[in-house]
Every structure is written in C-alpha cells, then in structure tokens.
Amino acid sequence: MTTEGPRAAGPRTAGPRPCRPPATPGVRPPAGPPGSALTGASDAYRRWGLDRPLARPPAPPDVKPALGRSGPQQWGLPPIVRRVPTDRRVVFVTIDDGIEKDPRFVEQARELGLPFTGFLTDNVIGTHYDYFDQLRLLGNPMENHTLTHPSLAGMAYDDQVREICGQRDILWHRFGQQPKLFRPPFGEYDDTTLRAASFCGVRTVVLWRAEMETHGLAYRSGDHLLPGDIVLAHFRGPEQLEGQSMTEWITGLVRAIQAQGFTIGRLEDYV
Ligand SMILES: [Zn+2]
C-alpha cells in the first residue's frame, strides 16, 4: 500500500535533512491496520472530499537548489523566491495571517498528511498561538509575517526591524524555534526590507506565484501551475470565503493541485 496515508504513519520525507521537528507522540496518529481509525489515512481523503489520497511528495533534494538573487546589489541579503527551482511535479502550500482558527483544519491537515508552511501575523492571532502550535507539531513550520501586517515598502529601517524582529521574537518565545523564512505582507517590500530581514536572521524571503482565491487558483502569469510553484492561501473562514469553511476551501485547493498532476511538498526541504 504505497498510495495511502501519505505521512500519517511514518516519516514524511525520505531525505536526510533533519530540519523537521520530531514526531510528537499523541499528536500524529500512530500506524494501524488499513482502514482502522488509528491510521486516519486509508479513506480519510474521501471524508475530506477528495477523490484520491494526497500522493507522497518526491524525496527532497540532498542539496537545496540555489535561489537566484533579485539583483547584483543584493549580495549578502536573503534571496527572494516565488517558485522553487525544481522539475519535480511538486508545489508548496503556504497559509498566511491567522484570522481563522478552525479546529477541523487541524484534523484535516493531520488526516491528509497535508504539508504546508504558516506565515503568522501577531495582531490577528492574539492569544491563540496554541492553535498554530498544534499545526506546527504536525510538522508544519510556522514562519514570520510581521507583527501588524503593514506594507513595509517605504517604511523606515527601524520600523521594519521592529515588525520583523518583533514577530521573530514572539514565534521564538511561543514555539522555541526561530523562524527562518519571512513573507512581507501583500508581497510588498523594498531594499530596506531585505536589510531588515537580514538583520533579523531571515534566511529566505518567500513570495508566491499562485494564489488560492475564494473559488480557485489564480496565477501571476499563465493559467496553470508550474513545478516548484509556491501557492498562497490564508487562514480564512466562512466570513471571508462566502460561506465556505476553511476545510472545504482547502479541499478545493488540494483538488485543484491534484487535477493538474501535482502533489504538495514541504517548502523547508527546498529553501
Ligand atoms: Zn498576509
């Protein structure tokens, strides 16, 4: 049985890179016989409205691909990535902000073995970091999306540092891990942002090439996904999604990705 239960019962990747937090007993369901409640896997995809399980992503590269710089003046600053250089049929889901905290999404992420990266903004999370910690303990990193979600372009250096380092410190305090990836709100940044991000320990600035809108994917160019695309989604609920729940919306995203012959990888294995 190689097509079921992508990562519910074992390591999510075959590569040697040890950057995933160890599995936490009691959080990820243990292995059980196919179809048992313990697998959370064999037919979970049907329960979440999929036609087939999420295929296991290809083994990550032994060496992370080189990411281009945005220009010759950017030497020493973090690279900016919209699309991971790979020819594998894999894309990367990122989920931003943190407005919606739907407990069923934790179940969905666990049962589908859905890898994603969260980019969290403090002022919409408030006292609810525990919710995102549940998702983090499933193996989904929680990264930096500023304290208050301003458009950083044009802001003074000190103010940008406050936004980026401030959220870094909160994530560090809450989760015991320093975020390495950063996404500027609205995808808007300037050279000052890159200097501030570098100062705050950012390894890579992550943008996106495709976005899950209320009823489907939209692309910065073209009309389909490309290998390595980074896909933007949000923690959103019925109020923002014309009545859809977050889990229905995420099912729509997974279906759209599967329909184009892709599966979902773990961004931190590549950047
Ligand atoms: Zn945002």
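Quick note: structure is the one above.
Rules used throughout
Residues numbered from 1 in each chain as written. Predicted model: local features only at pLDDT ≥ 70, side-chain atom pairs only at ≥ 80, totals over all residues. Heavy atoms only, no water. Salt bridge = Lys/Arg side-chain N within 4 Å of Asp/Glu carboxyl O. Helix = DSSP H or I, 4+ residues; strand = E, 2+ residues; numbered from the N terminus. Buried < 20%, exposed > 50% of the residue type's maximum accessible area, 1.4 Å probe, protein only. Pairing = 2+ DSSP bridges. Disulfide = S-S within 2.5 Å.

Here's the deal with the pattern of salt bridges
It is possible for side chains of opposite charge to pair when their charged atoms get near one another.
In step 1: Enumeration over the complete set of coordinates arrives at nine salt bridges.
In step 2: A salt bridge links Arg 183 to Asp 96, with the shortest nitrogen-to-oxygen separation between them at 2.9 Å. Pair noted here: Arg 183 is in the loop between strand 5 (181–182) and helix 6 (191–199) and Asp 96 is in strand 2 (residues 90–97), with a separation of 87 residues, a long-range link.
In step 3: Classification of Arg 183 as buried rests on a relative accessible area of 0%.
In step 4: Taking the relative accessible area as the measure of exposure, Asp 96 reaches 2% and is therefore buried.
In step 5: Connected via shared salt-bridge partners are Arg 47, Glu 107 and Glu 111.

A closer look at the pairing of strand 8 (residues 216–219)
In step 1: Two elements, strand 7 (residues 210–213) and strand 8, share four bridges in a ladder whose sense is antiparallel. Paired with Glu 211 across the bridge in strand 8 is Ala 218.
In step 2: Between strand 7 and strand 8, which pair antiparallel in sequence order, lie two residues.

As for the state of the cysteines
In step 1: Evaluation of the coordinates by the stated rule reveals one disulfide.
In step 2: Between Cys 165 and Cys 200 runs a disulfide, and the two sulfur atoms are separated by 2.0 Å. The chirality of the disulfide connecting Cys 165 with Cys 200 is left-handed, given an S-S dihedral of about -100°. Here the residue Cys 165 occupies a position in helix 5 (residues 157–175), and Cys 200 occupies one in the loop between helix 6 and strand 6 (204–206), the gap between them amounting to 35 residues.
In step 3: On the basis of relative accessible area, Cys 165 is assigned to the buried category, the value being 8%.
In step 4: Cys 200 sits in the buried class, given a relative accessible area of 2%.

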